Protein chains: 2
Amino acid sequence: MKLAVLVSGSGTNLQAILDAEKRRELGGTVALVLSNVAGVKALERAAQAGVPTRVLSHREHASREAYDRALVGALREAKVELVALAGFMRIVTGTFLDAFPGQVVNIHPSLLPAFPGMHAQRQALAHGVRLTGCTVHFVDGGLDSGPILSQAAVPVLDGDDEARLTARILVEEHKLYPAALRAIAEGRVSVSGRRVIIRS
Amino acid sequence: MKLAVLVSGSGTNLQAILDAEKRRELGGTVALVLSNVAGVKALERAAQAGVPTRVLSHREHASREAYDRALVGALREAKVELVALAGFMRIVTGTFLDAFPGQVVNIHPSLLPAFPGMHAQRQALAHGVRLTGCTVHFVDGGLDSGPILSQAAVPVLDGDDEARLTARILVEEHKLYPAALRAIAEGRVSVSGRRVIIRS
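Residues numbered from 1 in each chain as written. Chains lettered and ligands numbered in written order. Predicted model: local features only at pLDDT ≥ 70, side-chain atom pairs only at ≥ 80, totals over all residues. Heavy atoms only, no water.

Engineer: Can you walk me through the pattern of salt bridges in this structure?
Structural biologist: One side chain can pair with another of opposite charge once the charged atoms of both are near each other. Residues and elements named next belong to chain B. All told, the structure shown has 18 salt bridges over all chains when counted by the stated rule. Arg54 serves as the salt-bridge partner of Glu77, at 3.6 Å between the closest nitrogen and oxygen. Residue Glu77 is found in helix H3 (residues 64–77), and its partner Arg54 is found in strand E3 (residues 53–55); the two are separated by 23 residues along the sequence. For Arg54, a relative accessible area of 32% corresponds to the partly exposed category. With a shortest N-O distance of 3.0 Å, Glu186 and Arg188 are connected by a salt bridge. In this structure Glu186 comes out as partly exposed when scored by relative accessible area, which is 37%. (Salt bridge = Lys/Arg side-chain N within 4 Å of Asp/Glu carboxyl O. Helix = DSSP H or I, 4+ residues; strand = E, 2+ residues; numbered from the N terminus. Buried < 20%, exposed > 50% of the residue type's maximum accessible area, 1.4 Å probe, protein only.)

So this is what it looks like as structure tokens:
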């Protein structure tokens, strides 16, 4: 199965996915890394791994719709069947989701449905939870609201600041995301309403 | 430190607290078990452990306020310094909370702030989360919204129904609640805004 990974920044989750592919633990091939920002570290990581890259700047498109049409074009050209958002700082539209139904996944740094949206780690610290974590979910039209594939818990420790908590969650993200993508690539995932079944 | 445990039903968390006291792992003494319903199993458990019990029926009080005034009277009479709600199916009022500021705790069968209110396990299943759990929190005027003392994660397994998930969460509740009460009883807990610090 051909995957695209959509990025906007440093791409540590991309790196985890590329590393899993190298170890033959991804169940598929990263066929394209697409960034909406030029010059980011994630593009370097892709090049280093010999993966085709593409920059599709949102600045060069008049609307979200126009951007997402271009995005769909780029992904179809690369014959992508599964799209992994990995720090992609764009809200995707129905145009994009309708083109890849049930084929777009994201990772979010909280135990959803707690703390959706931006700065999930900061939200968790402000709320005073003792456990937070990360969630891989299918992307739907809402804010981090799609069916949940997998979750991992991470403790909040006394004295944590946002950077320390973010780093501790990332360790789990880097294990959780490749494993979830592998399950999809290997055809082991089925969705029934909001409940996702993963066969082992 | 003298504790009261407020119950309405079978009292499995009460049992865990009584067992912890017997093992000298509670850091305090259960001085009163109070139920708003007569004849429940929790009262039997208390009697079995030689703990004074009291039934204060909400039916015999004209309003929530009147009930909570009677409740405060009963707890003061027993010289209680810490109140643990354990399946107590009453919403408490400001009258009660003002009488015991920062001294009322509850356990809730989800990882708050996810799934507050009734049927938390059913809510978790309906949402399709892969992780849920339980939370010990201070009680404030909101719905399961007070500062969080401790949390434990519990996996949701394929094929879970409400009863199975509830049972799996209860195993963790029975460890988490006595440990949190002990930390308070031993004076190791401090609250700063929403963040709770527990010294070891």
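Engineer: Would you take a moment to explain the interface of chain A and chain B for this structure?
Structural biologist: Counting from both sides, the interface comprises 28 residues of chain A and, opposite them, 28 residues of chain B. Surface buried jointly by chain A and chain B totals about 2,100 Å² across both partners, of which 53% is contributed by carbon and sulfur atoms. When the buried surface of chain A facing chain B is broken down by residue, A:His127, A:Arg130 and A:Arg195 rank first, second and third, together holding 28% of it. One can count zero salt bridges joining chain A with chain B. At the junction of chain A with chain B, the criterion picks out eight residue pairs in polar contact (both at pLDDT 80 or more). Taken together, the elements giving at least two residues each to the side of chain A that touches chain B come down to helix H5 (120–127), strand E7 (148–155) and strand E9 (195–198) of chain A. Element by element, the count of residues in the side of chain A that touches chain B is highest for E7(A), at six residues. Split by residue class, the side of chain A that touches chain B holds 18 nonpolar, five polar and five charged. (Contact = heavy atoms within 4.5 Å. Buried area = accessible area lost by both parts, 1.4 Å probe. Polar contact = N/O pair within 3.5 Å; in protein donor to acceptor, adjacent residues only side chain to side chain. Nonpolar A, V, L, I, M, F, W, Y, C, P; charged D, E, K, R; others polar.)

Fair warning: the whole summary comes from geometry, so function is off the table for now.
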